[in-house]
Each structure stands twice: as C-alpha cells, then as structure tokens.
Amino acid sequence: TNRIGVLDLQGGVCEHLDHLERLGITGIRVKEPIDFEGIAGLILPGGESTCLSRLMRMFDLERALLDAFQRGMKIWGTCAGAILLATGVLGEKPHLGLIDMDIERNSFGSQLDSFSIEASIPEVSPDPIPLTFIRAPKIFRVGSTVRVLLKFQDYIAAAENDQVLVTVFHPELTPCLAFHRYFALKCGISPSENRVAKAGHLWN
Ligand code: GLN
C-alpha cells in the first residue's frame, strides 16, 4: 500500500494531510479501527497528548493501532504524538510505549513557549530544515535501539527506531516537505512530488 494515515481526533490533522498531498501520497483520516486497514504508516499529529490519549481510548483505537503496529505499520509522532509514543513520560503514566525514550512535557516553560529555528539533519535532507516548536516536550533519554537524528543543547529533538519516528517540533507547520518525504520512505513509499509542490515553495 502507498497510503499513510493521519490520526484524526484532535490537533494538526489538515496540515499533515496537505503535506502528504504535495508529495503525491494519499493521506487517510484515521477515526475508526477499520481505517487502519491498508495504511503503511500512521502520523500522530500535535495537539494535546492527554486529550488525544483519552479520545483514542473512547473511540477504541488503541487496540487497532497496536495490532497494525504488530503487522509492521510505521508510526511518526509530532510533538503530542511523540509524547504518546514514549515508553516514559516524566511524572505521568506512559501511553503507547512504542519507542524506548523518556520525554518531558511542556519542557520549555512559559517564556520560550513557541519558537522557530533551522537545523541541519543530514539523514533527512541535504538542506537546512526549518523547525517550529509549540509548547514542545524534550526527549531526555533514548535507549540503545533508538537513533538520535537531532540533538540540541541538553535534549533530543528527533529520533527513530526501526518502526517509529518522533519529532518534538512540527514539520507540517512549515513549507518544508523533508520530514514527510523521510517518513514516506521509511514506510516504503516513494514520494512523487506533484505539481503543487513544484509550484512555489521555498523549501522542498
Ligand atoms: N503541550 C502539548 C502536550 O503536552 C504538546 C504540544 C503540541 O503538540 N504542540 O501534549
């Protein structure tokens, strides 16, 4: 399958679907257990992790997600999505626990609530990548099965294992398609940039 799902309960759903479309990939809104059929990957968007976790249980999606994961589905969590995927959440019970790492929520405090920077992540793109942080968490430990993609000062901002990718920032809120392309390739999908992507975006 060449389809990627976006968990559609709360948070930045449209922005992810839009980025997938620009890469010529069919994005599927995942709202019900049956929506997990036929997707190679799933994006857990940013939003509010407590809320997302509660809604996932209410709509009976957790079991279906874990079953699809067992069958090989890849998962990418952005921000709140990364919190849902961690095996450890500081001061709270972890949620899905699919990547061996510890994360702290709202870790930048109120003064540095939201900000944007650029960083070079050679594994993901030859060009610098714009990064937007919104009440972001910090990853402060990863296990030996996890590869760090981006580290800043005292924390890890992007990491992955064989099946799971996590970013504490929001590539879907920038014009850059690099992370979506990277995740598509992780899912075994070759993006075919369509004409929208070529039309007038600074970053590809
Ligand atoms: N602060 C949110 C949380 O703790 C995450 C913010 C985001 O996804 N932009 O879940």
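What you are looking at is a predicted structure, and each value in this text was computed from that prediction instead of being measured. (Residues numbered from 1 in each chain as written. Predicted model: local features only at pLDDT ≥ 70, side-chain atom pairs only at ≥ 80, totals over all residues.)

> A description of the site of the ligand should follow, citing residues and the corresponding values.
All residues adjacent to the ligand are G46, G47, E48, S49, C79, A80, I83, R105, N106, I134 and R135. Its residues placed into classes, the shell around the ligand shows 4 nonpolar, 4 polar and 3 charged. (Near = placed C-beta within 6 Å. Nonpolar A, V, L, I, M, F, W, Y, C, P; charged D, E, K, R; others polar.)

> Which residues make up helix α1 (residues 13-22), and what values go with them?
Along α1, the residues classified as buried are V13, H16, L17, H19, L20 and R22. In the stretch just after α1, G24 is the one whose phi turns positive, near 75°. (Buried ≥ 20, exposed ≤ 12 C-beta atoms within 10 Å, placed from the backbone. Helix = DSSP H or I, 4+ residues; strand = E, 2+ residues; numbered from the N terminus.)

> Let's hear about the UniProt feature "binding site: L-glutamine" (unreviewed entry) in the chain: which residues, and what values?
UniProt annotation of "binding site: L-glutamine" (unreviewed entry) refers to G47, E48, S49, R105, I134 and R135 when read in the numbering used here. The largest pairwise C-alpha distance within this set of annotated residues, which runs over 89 residues, is 13.0 Å, so the set is compact in three dimensions. With respect to the element layout, E48 can be found in the loop between β3 (41-44) and α2 (49-58). The exposure class assigned to E48 is partly exposed, which follows from the 16 C-beta atoms found within 10 Å. Note on placement: R105 falls in the loop between β6 (99-104) and β7 (114-119). Not counting residues up to four positions away in its chain, the partners in contact with R105 are S49, I83, V89 and P137. (UniProt positions renumbered as here; feature names shortened; annotations may be inferred. Contact = placed C-beta atoms within 7 Å.)

> Give a detailed account of the UniProt feature "active site" (unreviewed entry) in the chain, specifying residues and quantitative values.
Under the local residue numbering, the UniProt record ascribes the feature "active site" (unreviewed entry) to C79, H170 and E172. In summary, the annotated positions, though distributed over 94 residues, converge in three dimensions, the widest C-alpha pair being only 11.1 Å. Structurally, H170 can be placed in the loop between β12 (164-167) and α5 (178-186). Exposure remark for H170: the 25 C-beta atoms within 10 Å place this residue in the buried category. Apart from the residues within four sequence positions on either side, H170 is in contact with G12, G46, T78, C79, T132 and I134. Given 27 C-beta atoms within a 10 Å radius, E172 is considered buried.

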